[in-house]
Structure formats: C-alpha cells, structure tokens
Amino acid sequence: MSLWNERAAAARDMLAKVRQIEGSDGVTREALAKIGQELVGLATRTEFFPLEQFPVRADGGIYRISEDPDHRFALYASAGAEGKLVPPHNHTTWACIAGVHGQEHNVRYSRVDDGRNDPEYITLERGGESTIVSGNVIEYLPDDFHTIQVPAGGAPALHLHLYGLSLEHLPDRVTVEQETGRAKRFMAKPRILTPLISAQEVKAVLGTDAELAFFDAREEGEFNEGHPLFATPLPLSKLEQRVRALLPSPDARIVLMDSGEEGQMGRANRAAARLSRCGYGNVAVMDGGLKAWRDAGYEVFGGVNVPSKAFGEVVEHDCDTPRIEAADLKQLIDEGKDLIILDSRPMDEFRNMSIPGGIDCPGAELVYRVKDFAPNPETLVVVNCAGRTRSIIGAQSLINAGLPNKVIALKNGTMGWHLAGLQVARGRHDTYRGQSQAALGWAREAAARVAQKAGIRPIPMSELRRIEAAAASAGGSVYKLDVRDPAEYAKGHLIGFRHAPGGQLVQATDHYVGVRNATIVLHDSDGVRATMTAHWLVQMGWQKVHVLKHRPLTDEIETGPERRPVPGLNRVAVATIEAPELKAMVDAGEVLVVDLDTSIRHRDGHVPGAWFAVRAGLGKTLPEMLAQTPGAKQVVLVSPDGVSARLAAADVVEDGATTLPVMVLQGGMRAWRDSRLPIEKGQNRMADPPTDVWYRPYDRAEGVEAAMNQYLTWEVDLVGQVQRDGDARFNVLKM
C-alpha cells in the first residue's frame, strides 16, 4: 500500500473511533481529551504529511483531508508560514489541534459577558497557553476562544485540525479585536485546499499496477483539446450525476486535474470538495494541472475515449483486419453481391446516419446474432460504425470467434461513406428480432473457444462475493457490469449491476470504469456477450476481468433502466415553477432563464430568451447575465429533467451570486416540450463558449467534411503517440 493510501486508511480508522467517542460520551472536555489522543496518533505519523503535498503559502493554507457527507467530523491540515497570527476566535463546534511539523502557539480565552449589553462587543479573559508540536494536542469546546501564532524565525508549521462540523458550515464564528473587544464574523467563506501531488508522481503511478482514478474536472470540450492519455473526464458541472457510476468505492485513490492556469482554488480543488462531500476520502489535486504535465514533457492527447480508440488502431495494425473502401463496397452492392452490412453502434447513432441497407447490431451482439443474418458461409459480412474503432473491433470479433464467412470492416465507416460522396440513410430502425437456436448454439461454442484462448474463466457468485470482500478491505474498486442490450437489461438484471453494452464498453471504457487497474465483472444471460467483451478488455490491459456465471433468482433481479443515485440531491430544497407559469413570466420580461443543457441541445431547442451557461461557471456568469436582463425579478434554471438545475440552484445560493429568488423549472425542458410551448433554436445568448461537450464532426453546423477528415487522420495517428507515451499495456492476441 502506498503512503498516500496508508494516510487515507489511517485517517478513516481514526475518524471511526472519534465518531464512536462522540456518540457514546457526547461533547465534553473528557470526551475531547479522548478524541485528542486519537488525533495525536495520526499526527505523529509525520511521514503521512510531507510538506510538498501540503505546501505552506505566504498566507498559509487549510487542506481538507476528510469530511463526512453531512459535513460532520471534518479533518484538515492547517499550514502556517512563520509569523502567522490569528486573533481570538471561536468555532461554534468542538475542535482538536495536534502537531505534525513545526510549532503552533495557542492561547485559550473564555468569554465572560453574556452578550446582552452589546452583542457587537465581547469581553474575553485570558486562560492557559501551550505550544502545539508533534506529540501533543489541545481541545476546544464550541464556545471557547483561542489565538494561533506560528513563531517568527521558526520553520513553517503544519498541524491537524479536527472539527465537529466543516469550516464552510460555521457561519456564526466570530473573531474579536483584542484592543477594542469588537466582534465580527470570522472566515465566513474559508479557502479550503486539497493535498497536492506532482505530475511526475502521477506519471509514475500510471506506470504501475496500482489502482488510480485520474479525473479531469474541466468541461468535456476542453478535455477534448488536450489531456493525459489515462485521464478521465469528470466535469465539475456534472460531477454528482456521474460520480457513483465511475467511483463505486469511497476508498478509491483519486487525483483531480484542471488546466493548471486556475491556481490552487481552481476547478480541480472545487471538484475535490464535492467529492469529499460525496463520501470520498482519498483525494489529491495534481499540482499545476495540464500545464505541469506539458512542462514535464509528457504526451498530451486530443479527443475523447482515447485509450479505446487507440486500441482499435493497434488491433487493426497487429491483426491486419480486412477492410474495404466505401466506393468498393458501393460497387459490390450495385453488382448484387451476397453481403450483409452490420452497423456496430447503438440505435440512436444508427438512426442518425447509416449505410443504406445496413442493419443495426451493436458490438457485443455481433457474435451473438451473426448466424441469423448470415447463415450461408458464402455471405460477405461487412461491419461499420461512424468512424473506425467499432468497425475494426466488430469485424475482428467475428474473425476471432471463427466465423467461416469472409468478414471485412468498412474503412472510416459512415464518415468515409459520406466523404466518398455517397448518400447516407437517416431515420432507419432496422435491427435484429429475436434469435434462433442455431445462432445461439454457434455463438456459445465460439465464445467458449475465445475464452480458452484468452484465458477467461467464468466465476460463480460465491467468487464474486469473495472478490468484493477482498477489494473492500484493501480499498479497491469492483465494477459490476451487464453487457446486454438496453431492452434485455431493463426487462431484468442482477441487482447492483450497471448497464454497459459490450460494444460501447470497449469503445468508451473510460465512460464506465473510472479507476485504472480496477476489477471488472461482466454478466449477461449465457456468457457469450460477456466473454467477447472480456476478451477485448484483457487485451486492452485490464488484468482483473471476470465473467460471472450465475442464473439469477427472482429476489436477485430488478427491472427498469439503470438507476444512478445523485449524491446530495435529496438535501437540495429549491422552489420550482411550472412550465405555463414560466411562459407567462418570459412573455412579461420578468425572468432570467438559464439553460444548463449541453450547448448542442441548447442550439437545437430551448426556452425562448434563455441563456446558455455551464453550471461550474455560474458564480461568474450569472451576475453578467443579470446585468443584461434589467427587468428580471427572479432567476429560473432549466436542465433536461431538472436534476442539474436543482444542483446548480444550491450552488448559486451558497455562492451568493444573486439576491434574486432562484427557481427551477419543474420537470425540466422535457416538461416544457410536453406542454407544447414555443421553442427557440440557435446559439444567440451564450454566457459560456460551447466547450462543454465534444462536437462530433456531424454535430457541427458547418465544416463537416473537414472535421471528418481531421478526425479520421487523428485516429490513425494515435498509434505512434501511444507508443511515445509508454503507459498503455495493449497486448493484442492472435486468435
């Protein structure tokens, strides 16, 4: 276990004991003495707190180490430069301070007035004093006052501060001027930081088998412009909605990054605070962000889902996957060649743009269903996607499975077809219907052969439980994924298994699995799709991949689409407004409407007069939008289903970005459309640039062909860049 993980585990164990003490003994001086000794036990492990991870700035710094989701039991490392002096102040909650590095001199005060004569003035009586160094501790009850001073001429100080409630939730704290006794609010909005880790340390960890969640807190469009290979997008604007799926274990080791141009209080630090409140206690920020990564000379990758797409290019190179140009395929079609075109993408992408005559059969379904499409071994099987990856992986899946037919990938997919000047089909729904016993029998035999060659063995439920228990004790992460199609998943799936259609899981692994080197357990109805998906994940470098062989009992099954809990959503209380009422306010010019949907969907339709903005930037952009909406009497936030808007409303209130009432459109934009109210299109009022999402070439309003060519060239060039980076562990099997 690394020092970093040891620190997180030690803090977790200490806090468990502290909760127990407070729960049994209450908040008394005797109880705090016990809590203080537990804190000393952690603080004396000075190797856990190197100053390079907790740098002492000129104005000091308070680093969050842990905080409960309800903001209780908040543990900080407080850094102070020599000469630091904090005047007398209280906490309004209990507090303990233990030494780690250097000295922190404390003077205790007692309040001797009851505040009835003049609440703006407080009379204090000086009490005892002590210098806190490694090995000792001081405790305070909620109404105690004290001063803090780091002696001049000494070394910088780092001390552990443990509170019964987080500093950000102590608005009634006061500080007292010693000369006059005048009281005023103290640190109403404290600057809470996150422990740092260098780009070099992150790079070193990526080169090992250690589990690591490496997240980029910027918006997806910014991420697309450049990021480390194994960074995963977790935009601050969407963090709560994505985090439970990407991080199933609260003990996961997490590193956050941003551009590096935002300083220590940037989006990575803000994301760390939210993760802490979601229950994740092992979080650090990469010092200097992307800028530091570049300055260290490490590779920077454009695009999204890069590891998966790079892997597809390596597969084509190493296996020499057969491929066909669009013009040549069109000629075969015109000649009446016996062929079938299988599109390996999800239905929504197929419906948007497909090859005429093609049939939708997403990646994991290809081996499972191909015999129903091509029972004659003389039939040519062509696999396509939008670009390259899923065409290559899909075609090679059939080849690896031993399909006797000739199988080829359509080079550059529907984009290549379009660039060849050929007509694409739109709005089609052609797909598979059921499955014959012959197709199922062949698929099972094929999957068994692949499993043997790839070294994949099925595990029973008892083994899964053992794996989960071992991971929990070691702070590891286990991803339980059902790889079947959406309809089958919704009809019934094992409780606790997320939906990750196999083809998409290979195409966009970082969309489903947030911890590098984690354990992945796949399940389906008979092992075929799970095995074919697993054999690709193993080749991508995932070393702990299992296929669960288990027929669920009735009480082990839940139905419906995947449920994704949103941490903290149930604690958000915000006023709502119905769509017709909002329409009346829009017509009267009395409201600022802010659309928090993606810039693409905003372009395609929003509430008339609404501004586009991203949640993470509302603290800055909301006042700017209000300045251009002088008649606004309130602010209404809109998102697709209202969830993002509710979370954003809580942000706005907490940040104090406006004094106007803030409401949320009940039911979101879906309710507005269902009410058949007017829709405005275009990007006319943009509080933020449209860098919130990645614009696929065919999402663009202009320059589509140039973007397609650029994208296809980028995919091909990934192979060389991945080799230069050196952290990928692709191991393509010759089946």
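Values in this document were obtained by computation on a predicted structure and should not be read as measured data. (Residues numbered from 1 in each chain as written. Predicted model: local features only at pLDDT ≥ 70, side-chain atom pairs only at ≥ 80, totals over all residues. Heavy atoms only, no water.)

*Asks:* What should I look at first to understand the sheet that holds strand β33 (residues 634–638) in this one?
*Replies:* Hydrogen bonds between backbone atoms are what pair the strands of a sheet, whose relative direction is either parallel or antiparallel. One open sheet accounts for five strands, arranged β30-β34-β33-β31-β32; its pairing is parallel. At either margin of the open sheet sits one strand with a lone partner, and together these are β30 (575–577) and β32 (611–612). Looking at chain direction, strand β31 (residues 591–595) and β32 are connected through two bridges and run parallel. Note on β32: the bridge partner recorded for Asp595 is Phe612. (Pairing = 2+ DSSP bridges. Helix = DSSP H or I, 4+ residues; strand = E, 2+ residues; numbered from the N terminus.)

*Asks:* How should I be thinking about helix α15 (residues 461–474) in this particular structure?
*Replies:* Think of an α-helix as turning once every 3.6 residues; residues three or four places apart then point the same way. Compared with the 20 Å implied by 1.5 Å per residue over 14 residues, the 20 Å span of α15 between its first and last C-alpha is a close match. Among the residues of α15, those classed as buried are Met461, Glu463, Leu464, Ile467 and Ala471. The arc that holds every buried residue of α15, seen down its axis, measures 155 degrees, which confines them to one face. Among the exposed residues of α15, those pointing more than 90 degrees away from its buried face are Ser462, Ala472 and Ser473. Against β23 (458–459), β24 (478–482), β25 (493–494), β27 (519–523) and β28 (545–548) lie the buried residues of α15. (Expected span 1.5 Å × (residues − 1). Buried < 20%, exposed > 50% of the residue type's maximum accessible area, 1.4 Å probe, protein only. Arc of directions from axis to C-beta. Contact = heavy atoms within 4.5 Å.)

*Asks:* What's the story with the pattern of salt bridges in this structure? I'm lost.
*Replies:* A side chain of one charge can pair with a side chain of the opposite charge if their charged atoms are brought near each other. All chains considered together, the criterion is met by 54 salt bridges. Taking the shortest distance from any N to any O, the salt bridge between Arg466 and Glu463 comes out at 2.9 Å. Here the residue Arg466 and the residue Glu463 both occupy positions in helix α15, the gap between them amounting to three residues, near one helical turn. Take Arg466: its relative accessible area is 47%, and that puts it in the partly exposed class. (Salt bridge = Lys/Arg side-chain N within 4 Å of Asp/Glu carboxyl O.)

*Asks:* Honestly, the pairing of strand β21 (residues 380–384) in this entry has me stumped. Any pointers?
*Replies:* Along any regular strand the residues' side chains alternate between the sheet's two faces. The element β21 is largely enclosed, with a buried count of five among its five residues. Summarising the sheet, β21 and strand β22 (residues 407–410) pair through three bridges and their orientation is parallel. The partner of Val381 across the bridge, within β22, is Val407. Crossover β21 to β22 through helix α12 (residues 389–400) is right-handed. (Right-handed = clockwise from strand over helix to strand, strands pointing away.)

*Asks:* What should I look at first to understand the UniProt feature "domain: Rhodanese" (unreviewed entry) in the protein in this one?
*Replies:* Using the residue numbers shown here, the UniProt feature "domain: Rhodanese" (unreviewed entry) corresponds to residues 208–302, 335–426, 474–555 and 587–681. Span residues 208–302 is 34% helix and 15% strand, its end C-alpha atoms 24 Å apart. The distance from the first to the last C-alpha atom of residues 335–426 is 23 Å, and the span holds 37% helix and 17% strand. (UniProt positions renumbered as here; feature names shortened; annotations may be inferred.)

*Asks:* Explain the packing of aromatic side chains to me, please; I cannot follow it from the model alone.
*Replies:* The geometry of an aromatic ring pair comes down to the distance between the two centres and the angle between the two planes. Within the structure shown, the criterion is met by eleven aromatic pairs. Taking the centre distance of 6.4 Å and the plane angle of 70 degrees together, the rings of Phe48 and Phe49 count as edge-to-face. Considered together, Phe48 and Phe49 belong to a single accessibility category, that of buried residues. Between Tyr711 and Trp714, the ring centres sit 5.5 Å apart and the planes meet at 40 degrees, which makes this aromatic pair tilted. Here Tyr711 and its partner Trp714 are both found in helix α25 (residues 704–725), three residues apart, which amounts to about one turn of the helix. An aromatic cluster is defined as three or more aromatic residues linked by ring pairs; in this entry it consists of Phe48, Phe49, Phe54 and Tyr63. The ring of Phe230 is capped by Arg516, whose NZ or CZ atom sits 3.9 Å from the centre of that ring. (Phe/Tyr/Trp six-rings, centres within 6.5 Å; stacked < 30°, edge-to-face > 60°. Lys NZ or Arg CZ within 6 Å of the ring centre and 35° of its normal.)

*Asks:* Teacher, can you tell me more about the sheet that holds strand β13 (residues 196–197) here?
*Replies:* Ordered by their spatial adjacency, five strands build an open sheet running β13-β17-β16-β14-β15, and the pairing between neighbours is parallel. Across the chains shown, the open sheet's two edge strands, defined by having one partner strand only, are β13 and β15 (232–233). Two elements, β13 and strand β17 (residues 283–286), share two bridges in a ladder whose sense is parallel. Bridging across to β17, Ile197 finds its partner in Met286.

*Asks:* Would you explain the packing of helix α8 (residues 306–319) against helix α19 (residues 528–540) in this entry?
*Replies:* Packed helices, taken two at a time, are described by the angle their axes make and the gap between the axes. In the contact formed by α8 and α19, the axes pass within 11 Å of each other and the chain directions differ by 95 degrees. The pairing of α8 with α19 is recorded here as roughly perpendicular in orientation. Between α8, through Ser308, Phe311 and Val315, and α19, the contact on the second element is made entirely by Trp536, Gln539 and Met540. (Axes fitted to C-alpha atoms, helices over the stretch in contact; angles between N-to-C directions. Parallel < 35°, antiparallel > 145°, perpendicular 65-115°, else oblique.)

*Asks:* Hey, could you run me through the domain arrangement of the protein in this one?
*Replies:* Accessible area lost upon the coming together of the parts is a frequently used measure of interface size. Partitioning the protein into domains gives domain 1 (3–191), domain 2 (196–304), domain 3 (309–448), domain 4 (455–558) and domain 5 (569–675). The gap between the C-alpha centroids of domain 1 and domain 4 is 45 Å. (Domains from an automatic or database assignment.)

*Asks:* What am I meant to see in the pairing of β28 here?
*Replies:* Along β28, one buried face is formed by Val545 and Val547 and the opposite face, lined by His546 and Leu548, is buried too. Where β27 meets β28, three bridges bridge the pair, whose relative direction is parallel. If you follow Val521 over to β28, its bridge partner there is His546. For the segment spanning β27, α19 and β28, crossover handedness is right-handed.

*Asks:* How should I be thinking about the side chain of His71 in this particular structure?
*Replies:* Checked against the element boundaries, His71 lands in the loop between β1 (61–66) and β2 (72–80). Side chain to side chain, His71 and Glu67 meet in a polar contact 2.8 Å long. Look past the residues within four positions of His71 in its chain and what remains in contact with it is Gly164, Leu165, Ser166, His169 and Arg277. (Polar contact = N/O pair within 3.5 Å; in protein donor to acceptor, adjacent residues only side chain to side chain.)

*Asks:* Before we go on, may I ask you to explain the packing of helix α5 (residues 239–246) against helix α6 (residues 267–277) in this structure?
*Replies:* Axis separation between α5 and α6 bottoms out at 11 Å; the angle between their running directions is 60 degrees. Considering the relative orientation of α5 and α6, their crossing is right-handed. Together, Leu239, Glu240 and Val243 of α5 and Ala271, Arg274 and Leu275 of α6 make up the contact between the two elements. Looking at the contact of α5 with α6 residue by residue, the classes come out as four nonpolar, no polar and two charged. (Left-handed = near helix turned anticlockwise from the far one by under 90°. Nonpolar A, V, L, I, M, F, W, Y, C, P; charged D, E, K, R; others polar.)

*Asks:* Hey, could you run me through helix α20 (residues 579–588) in this one?
*Replies:* Of the positions making up α20, those classed as buried are Ala579, Leu582, Met585 and Val586. End-on view of α20: buried residues confined to an arc of 120 degrees, all on one side of the axis. α20 presents Pro580 and Asp587 as exposed residues on the side facing more than 90 degrees away from its buried surface. For α20, the elements touching its buried residues are β30, β31, β33, β34 (662–665) and α24 (668–674). Count one or two residues on from α20 and you reach Gly589, which has phi positive near 70 degrees.

*Asks:* I keep staring at the nonpolar core and nothing clicks. Help me out?
*Replies:* The nonpolar side chains of soluble globular proteins are, as a tendency, buried together. One finds Phe214, Leu247, Ile254, Leu256 and Leu522 to be the most contacted residues of the largest nonpolar core, which totals 102 residues. Sorting elements by how many residues they give to this core places α25 first, with eight residues. (Core = buried A, V, L, I, M, F, W, Y, C linked by side-chain atoms within 4.5 Å.)

*Asks:* Explain the environment of Arg270 here, please?
*Replies:* Within the secondary structure layout, Arg270 lies in helix α6. Residue classification places Arg270 among the partly exposed positions, given a relative accessible area of 33%. A C-alpha to C-alpha distance of 26 Å links Arg270 and Tyr479, two positions 209 residues apart in sequence. If we ignore the near neighbours within four places in the chain, the residues touching Arg270 are Leu236, Met265 and Ala616.

*Asks:* When you look at the side chain of Ser66 in this model, what are you seeing that I'm missing?
*Replies:* Its place among the elements puts Ser66 in strand β1. Using a relative accessible area of 13% as the deciding quantity, one classes Ser66 as buried. Residue contacts for Ser66: discarding those within four places in its chain leaves Leu15, Phe73, Ala74, Leu75 and Ser276.

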